[in-house]
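# Remarks on the overall topology
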Amino acid sequence: MKKLIFSALALAMAVSVSAQEKKEYPKPEAMRPAMTEFWTPQPKVVTPGDIKTNSAPSDAIVLFDGSNLSAWKSCKTGGEADWKLEDGVFTVDKTKGDIETKQHFGSFQLHIEWRVPENITGSSQARGNSGVFLQGIYEIQILDCYNNETYANGQTGSVYKQIIPLANAMRKPGEWNVYDIIYSAPVFNADGTYKVAPTVTVIQNGIVLINHYTIRGTTEYIGHPQVRPHGDGPIRLQMHGDPSEPISFRNIWIREM
Ligand code: MG
């Protein structure tokens, strides 16, 4: 009897497998090149700046075109930015404190040109020190590192005291340096920690110094970076208190992303 049951089961299974084998499924369509070509959305058209005059791209917010400092304010007084403006260039005034943009930004691409004076003096961090604070909080160091030794994580283009730049791309004092900074703003959890930490790429004179580095927190001169929740913030330029000759700036624009 047992034998009979096993035989019947075996027969039923064989019939079932055979039925499955015979069932025909639709064949997937063969891949064609067009199947992986997406036509929308098309990237917006942005007209690049004029290569001869180094002007801003068509969709940039111009923060300084040489004519006035109306996009900026004094951090000290909250009034108009009062650094020295001459011949299309403005220069840090060491009696006036930092300046920052009136407008606040989230993620962006920033272009900023800066010059160490030819007659620069001092050494290490006391030589042409300034900085670009992203969202007013995270400093990308500006310093004259042309034949000037200092701690590596405080060099030109460092995320100050957080990351050592990949290169020293300084031009000589008296020549213009160019920063192109690509910054992604952080997203915070309800408890104030980073859900997505801020990241930054820094290019100086066409050379990558920082390659999509994750910023760990606030810029601190003493102590470790802190994580503090914040929203959009300004671009802040540093007035450093060292006695060396001050840095100058020109041609500043930003593209929001
Ligand atoms: Mg600095």
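Here is a short report on the structure shown in this document. Bear in mind the structure is a predicted one, so any value in this text is a computation, not a measurement.

With that settled, the discussion passes to the coordination of the magnesium ion. Those protein atoms acting as donors to the magnesium ion are Asn129 (OD1), Ser130 (O), Glu139 (OE), Gln141 (OE1) and Gln238 (OE1), and they sit at 2.2 to 2.3 Å. Take glutamine 141: its relative accessible area is 1%, and that puts it in the buried class.

One finds Trp72, Leu110, Val132, Tyr179, Val200 and Phe249 to be the most contacted residues of the largest nonpolar core, which totals 45 residues. Every element with two or more residues in this core is listed here: strand 1 (61-64), strand 6 (108-115), strand 7 (130-134), strand 8 (138-142), strand 9 (176-184), strand 12 (199-204), strand 13 (207-214) and strand 15 (248-256). The dominant element in this core, judged by the number of residues it contributes, is strand 6, at four residues.

A separate point is unusual backbone geometry. Looking along the chain, the bond that leaves threonine 40 and enters proline 41 is cis, with omega of -5°. By the element assignment, proline 41 lies in the loop between helix 1 (2-22) and strand 1. Located in the positive-phi region is asparagine 54, a residue other than glycine, with phi close to 60°. Relative to the elements of secondary structure, asparagine 54 occurs in the loop between helix 1 and strand 1. One non-glycine residue, aspartate 87, lies in positive phi territory at about 50°. Along the polypeptide, aspartate 87 turns up in the loop between strand 3 (84-86) and strand 4 (89-91).

Counting across every chain of the model gives eleven aromatic pairs. Taking 6.2 Å as the distance between ring centres and 55° as the angle between the ring planes, the aromatic pair formed by tryptophan 72 and phenylalanine 90 counts as tilted. Of this pair, tryptophan 72 sits in strand 2 (residues 72-74) while phenylalanine 90 sits in strand 4, and the two are 18 residues apart along the sequence. In this pair, the class of tryptophan 72 matches that of phenylalanine 90, namely buried. Between the aromatic rings of tryptophan 114 and tyrosine 179, the centroid separation amounts to 5.3 Å while the plane-to-plane angle is 65°, which identifies the pairing as edge-to-face. Residue tryptophan 114 is located in strand 6, and its partner tyrosine 179 is located in strand 9; the two are separated by 65 residues in the primary sequence. Accessibility expressed as a relative area gives 0% for tryptophan 114, which makes it buried. Look at tyrosine 179 and you get buried, because its relative accessible area is 0%. Grouped by ring-pair contacts, the aromatic residues Phe64, Trp72, Trp83, Phe90 and Phe249 constitute a single cluster. Here the basic side chain of arginine 236 rests over the ring of phenylalanine 133, its NZ or CZ set 4.1 Å away from the ring centre.

What counts and how
- Residues numbered from 1 in each chain as written.
- Predicted model: local features only at pLDDT ≥ 70, side-chain atom pairs only at ≥ 80, totals over all residues.
- Heavy atoms only, no water.
- Donors = N, O, S within 2.8 Å, 3.2 Å for Na, K, Ca; no water.
- Buried < 20%, exposed > 50% of the residue type's maximum accessible area, 1.4 Å probe, protein only.
- Core = buried A, V, L, I, M, F, W, Y, C linked by side-chain atoms within 4.5 Å.
- Helix = DSSP H or I, 4+ residues; strand = E, 2+ residues; numbered from the N terminus.
- Phe/Tyr/Trp six-rings, centres within 6.5 Å; stacked < 30°, edge-to-face > 60°.
- Lys NZ or Arg CZ within 6 Å of the ring centre and 35° of its normal.

All we've got here are geometric facts, nothing functional implied.
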